[in-house]
Amino acid sequence: MNVDKVRKAFTQYFEGATGAVYTSPGRINLIGEHTDYNGGFVFPGAIDKGMVAEIRLNGTDKIRAVALDLSETAEFGLQEEDSPRQQWARYIFGVCREIIKRGGKIGGFDTAFSGDVPLGAGMSSSAALESTYAFALNDLFELGIDKFELAKIGQATEHNYCGVKCGIMDQFASIFGKEGSLILLDCRSLEYKYYPFDPVGYKLVLLDTAVKHELASSAYNARRQSCEKVAAAIRRNHPEVEFLRDATPDMLDEVKTEISGDDYMRAQYVIEEVQRVMDVCTALEKGDYETVGDRMYGTHNGMSKLYEVSCKELDFLNDIARKNDVTGSRVMGGGFGGCTINLVKEEKYEAFIKDAFTSYREAFGHEPKLYEVVISNGARKLN
Ligand code: GLA
């Protein structure tokens, strides 16, 4: 992490001053994709890559912020009309606004931040940024906001200031992450359980296509709308269905003629995915990684063919994984680019990576990026 870089830059930008340093991680997700906003289950974990921010209260009503990785600065106030121009600054501004909307009393501050979560890789660099500031401001202004509300502040920032109607998974994982454990989260009740994850004899590795397709956020919002439409159609006959998470394949078939073919496919994917997460929980309790892997492939197939959020680069890496007898592989996160997550036996690892690099370069002119996953702690203060 870039702690030294942040400290050094902060002193340079802010006339020799120092502040408090906070960090929040990005996340992986073993399984349960696009289930969070459907009230379903997810299985994320925080990673050893994140955002680091130094912050000093400045006694004014202004924020002076430096995005070190972009060499950009921004200055803005705390009122709704003060929304900054730069996207990165809107994350910080949004967090401040969402705190204020909840009655939190905050003032101006100086801050510099830097991150090592690859952007657009499906590892939630934006949630890492939101969680860093939500956690830090709660601490610095002694607001007493609980951890769930901090995650919701990050999520609301995406909704209201960044145009993405995301679920709670990323911000939850970034705040609640625990070293060595994945977290099973019920996104309706917000009940959660830590699962120590140490698949002996296997490696968990991300392959980043290093592509990010346009319109990812509008397509994401469209998927969410499809799900809500189908849930509403099913609810007319089954009032107990609050979210697609509550629906069965039979219920979906009952409304088949009332909804579009695309909406049907989206809902089918979600209903199947909710079940896959349950299957993975049972399998993990028995140490049955073959079933875990099988369901990961199931998710990829569903995300590619039914939910249609994959792309040729991700499908290509998934095919290579199958060819190399990788236990499980799938697109991770929202889709439309980013990473595949792969559960691979140690003895198959080298051949798989070699093939993935060579074949991908031949097909797309550059290599994918590789990240070995280290499951780490969530938001915290560093000094
Ligand atoms: C993005 C969103 C999450 C979740 C995933 C897909 O990461 O921010 O809320 O919906 O996509 O599982």
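All of these numbers come straight from a predicted model, not from anything done at the bench.

1. Some points on the environment of Asp 208
Here's step 1: Locating Asp 208 in the fold gives a position in strand β9 (residues 202–212).
Here's step 2: The spatial distance from the C-alpha of Asp 208 to the C-alpha of Pro 368 is 5.2 Å, given a sequence separation of 160 residues.
Here's step 3: Beyond its immediate sequence surroundings of up to four residues, Asp 208 is in contact with Pro 118, Ala 121, Gly 338, Cys 339, Pro 368, Lys 369 and Tyr 371.

2. What to know about the packing of helix α4 (residues 147–162) against helix α5 (residues 169–176)
Here's step 1: It is at 8 Å that the axes of α4 and α5 come closest, and there the two elements cross at 140°. Viewed along their axes, α4 and α5 adopt a mutual orientation that is oblique. When the axes of α4 and α5 are compared, the crossing they make is right-handed. Seen from α4, the contacting residues are Lys 147, Phe 148, Leu 150, Ala 151, Gly 154, Gln 155 and Glu 158; seen from α5, they are Gln 171, Phe 172, Ile 175 and Phe 176.
Here's step 2: For the contact of α4 with α5, a count of residues per class yields six nonpolar, three polar and two charged.

3. Let's talk about the environment of Asp 355
Here's step 1: Following the sequence through the fold, Asp 355 ends up in helix α11 (residues 346–364).
Here's step 2: The spacing of Asp 355 and Gly 328 is 27 residues in sequence and 16 Å in space, taken between C-alpha atoms.
Here's step 3: Here the side chain of Asp 355 touches Ser 359 through a polar contact of 2.6 Å, side chain to side chain.

4. What about the sheet that holds strand β2 (residues 41–42)?
Here's step 1: As summarised here, the arrangement of the three strands in space is β2-β7-β8, forming an open sheet in which the pairing is antiparallel. Strand pairing shows two members of the sheet lacking a second neighbour, β2 and β8 (192–196), which therefore form its edges.
Here's step 2: Sheet topology note: the β2/strand β7 (residues 181–186) ladder contains two bridges and is antiparallel. Of the residues in β7, the one forming a bridge with Val 42 is Leu 185.

5. Quick notes on the pattern of salt bridges
Here's step 1: Applying the stated criterion across every chain, the model contains 29 salt bridges.
Here's step 2: Put simply, Asp 294 and Arg 295 hold a salt bridge, and the shortest N to O gap is 2.5 Å.
Here's step 3: Given a relative accessible area of 44%, Asp 294 falls into the partly exposed group.
Here's step 4: Through salt bridges with shared partners, a single network forms among Glu 15, Arg 56, Arg 64 and Asp 110.

6. What to know about the domain arrangement of the protein
Here's step 1: Here the domain parsing of the protein yields domain 1 (3–198 + 376–381) and domain 2 (202–372).
Here's step 2: Of note, the centres of domain 1 and domain 2, computed from C-alpha atoms alone, are 25 Å apart.
Here's step 3: In this complex, domain 1 contributes 35 residues to the contact, which on the side of domain 2 involves 44 residues.
Here's step 4: For the domain 1 and domain 2 pair, buried surface summed over both sides reaches about 3,300 Å², with 65% attributable to carbon and sulfur atoms.
Here's step 5: On the domain 1 side of the interface with domain 2, the three residues burying the most area are Ile 31, His 34 and Tyr 37, jointly 20% of the side's total.
Here's step 6: Linking domain 1 with domain 2 are five salt bridges, by the criterion used here.
Here's step 7: Across the pair Glu 33 and Arg 330 runs a salt bridge, and its minimum N-O distance is 2.8 Å.
Here's step 8: Taken together, the connections running from domain 1 to domain 2 amount to 21 residue pairs in polar contact (both at pLDDT 80 or more).
Here's step 9: For the side of domain 1 that touches domain 2, the secondary structure elements donating two or more residues are β1 (20–29), β7 and β8.

Conventions used here
- Residues numbered from 1 in each chain as written.
- Predicted model: local features only at pLDDT ≥ 70, side-chain atom pairs only at ≥ 80, totals over all residues.
- Heavy atoms only, no water.
- Helix = DSSP H or I, 4+ residues; strand = E, 2+ residues; numbered from the N terminus.
- Contact = heavy atoms within 4.5 Å.
- Axes fitted to C-alpha atoms, helices over the stretch in contact; angles between N-to-C directions.
- Parallel < 35°, antiparallel > 145°, perpendicular 65-115°, else oblique.
- Left-handed = near helix turned anticlockwise from the far one by under 90°.
- Nonpolar A, V, L, I, M, F, W, Y, C, P; charged D, E, K, R; others polar.
- Polar contact = N/O pair within 3.5 Å; in protein donor to acceptor, adjacent residues only side chain to side chain.
- Pairing = 2+ DSSP bridges.
- Salt bridge = Lys/Arg side-chain N within 4 Å of Asp/Glu carboxyl O.
- Buried < 20%, exposed > 50% of the residue type's maximum accessible area, 1.4 Å probe, protein only.
- Domains from an automatic or database assignment.
- Buried area = accessible area lost by both parts, 1.4 Å probe.

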